[in-house]
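# Architecture and fold: a report
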Amino acid sequence: MIPGPNGIYIMTRSATQGYRAGLVSALGVETGTLVHIAFAVLGVSTLVAASPVAFNILKLAGAGYLLYLAVRTVLRPSELDFSGKASPLPLSRVFRDGVVVNVLNPKVALFFLAFLPQFVTAGAGTAGARAQMMVLGAVFFGLAFALDAGYAVAGGAARRWLSRRSASARRYSYAIGGIYLTLATYAVAA
């Protein structure tokens, strides 16, 4: 229930642009989940996990993207206007950023690599195992989207609360940028 990079991204988008942007970002994040599910079903996640070089490239790319979000947040505090007066990011970009945040998270790939095969019926054969993994992935997608929608609602509620506070967007940008920077550092260290 504690939000990671995906949840923080969703809550930030929802807090700065409203519930709709939060839900679009949640849909983007979970579209990234579908990519990871497909990679697990097709065996790509196994290749990434087996190759330290590929895993580290993915990990560094994910940390780099979180660093990019941190810098962008600090350099563009106007994007954190909780009053709704600033021009919002296009929803297509909100969606795309959500996909990228999730796809570049190697821990999600490892999760599906470790999680899905445990629940596949032994002796199901390749086609049967893939079908079972896709069904399990779809169930996970639905549950994760529901949780992410909760993050969007929480971010929208925070928007109302934050809009009544006198803190500047600059101060908020430092706080949120610091969270992204912390997550990037954690991604590299873990």
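Shown above is the structure to which this text applies.
A brief report on the enclosed structure follows.

## Quick notes on the overall build of the chain
A count of helical and extended segments in the chain gives eight helices and zero strands. Taken from N to C terminus, the helices and strands of the chain fall in the order α-α-α-α-α-α-α-α. Taking 2.2 N^0.38 as the reference for a compact globule, 190 residues should give roughly 16 Å; the C-alpha atoms of the chain span a radius of gyration of 18 Å, in line with that estimate. Summarising its shape, the C-alpha atoms of the chain cover approximately 60 × 30 × 25 Å along the three principal directions. Taking all 190 residues of the chain together, the buried fraction comes to 42%. Across the chain, contacts joining residues at least 24 apart in sequence account for 82% of those joining residues at least 6 apart. Carbon and sulfur atoms provide 72% of the accessible area of the chain, an area that totals close to 9600 Å². Computed over 16 positive and 5 negative side-chain charges, the inter-centroid distance for the chain is 4 Å.

## Description of the environment of Tyr68
For Tyr68, the position within the fold is in helix H4 (residues 52-75). For Tyr68, a relative accessible area of 36% corresponds to the partly exposed category. Placed 90 residues apart in sequence, Tyr68 and Ala158 show a C-alpha to C-alpha distance of 24 Å.

## A word on helix H1 (residues 5-17)
The end-to-end C-alpha separation of H1 is 18 Å, in line with the 18 Å expected for 13 residues at 1.5 Å each. Where burial is concerned, most of H1 is hidden: eleven out of the 13 residues are buried. For H1, the set of buried residues is Asn6, Gly7, Ile8, Tyr9, Ile10, Thr12, Arg13, Ser14, Ala15, Thr16 and Gln17. Just downstream of H1, Gly18 is the residue with a positive phi angle, here 100 degrees.

## Describing the packing of H1 against helix H5 (residues 91-103)
The geometry of a pair of packed helices is captured by two quantities: the angle between their axes and the separation between those axes. In contact at an axis separation of 9 Å, H1 and H5 are set at 165 degrees when each is read in the N-to-C sense. Considered as vectors, H1 and H5 are oriented roughly antiparallel to each other. Considering how the two elements wind past one another, H1 and H5 form a crossing that is right-handed. Residues Pro5, Asn6, Tyr9, Arg13 and Gln17 of H1 form the contact with H5, whose own contacting residues are Arg93, Val94, Asp97, Gly98, Val101 and Asn102.

Cut-offs and rules
Residues numbered from 1 in each chain as written. Predicted model: local features only at pLDDT ≥ 70, side-chain atom pairs only at ≥ 80, totals over all residues. Heavy atoms only, no water. Helix = DSSP H or I, 4+ residues; strand = E, 2+ residues; numbered from the N terminus. Rg over C-alpha atoms; globule rule 2.2 N^0.38 Å. Buried < 20%, exposed > 50% of the residue type's maximum accessible area, 1.4 Å probe, protein only. Contact = heavy atoms within 4.5 Å. Areas by Shrake-Rupley, 256 points an atom, 1.4 Å probe, with all protein chains shown as cover. Lys, Arg positive; Asp, Glu negative; His and termini not counted. Charge placed at Lys NZ, Arg CZ, Asp CG, Glu CD. Expected span 1.5 Å × (residues − 1). Axes fitted to C-alpha atoms, helices over the stretch in contact; angles between N-to-C directions. Parallel < 35°, antiparallel > 145°, perpendicular 65-115°, else oblique. Left-handed = near helix turned anticlockwise from the far one by under 90°.

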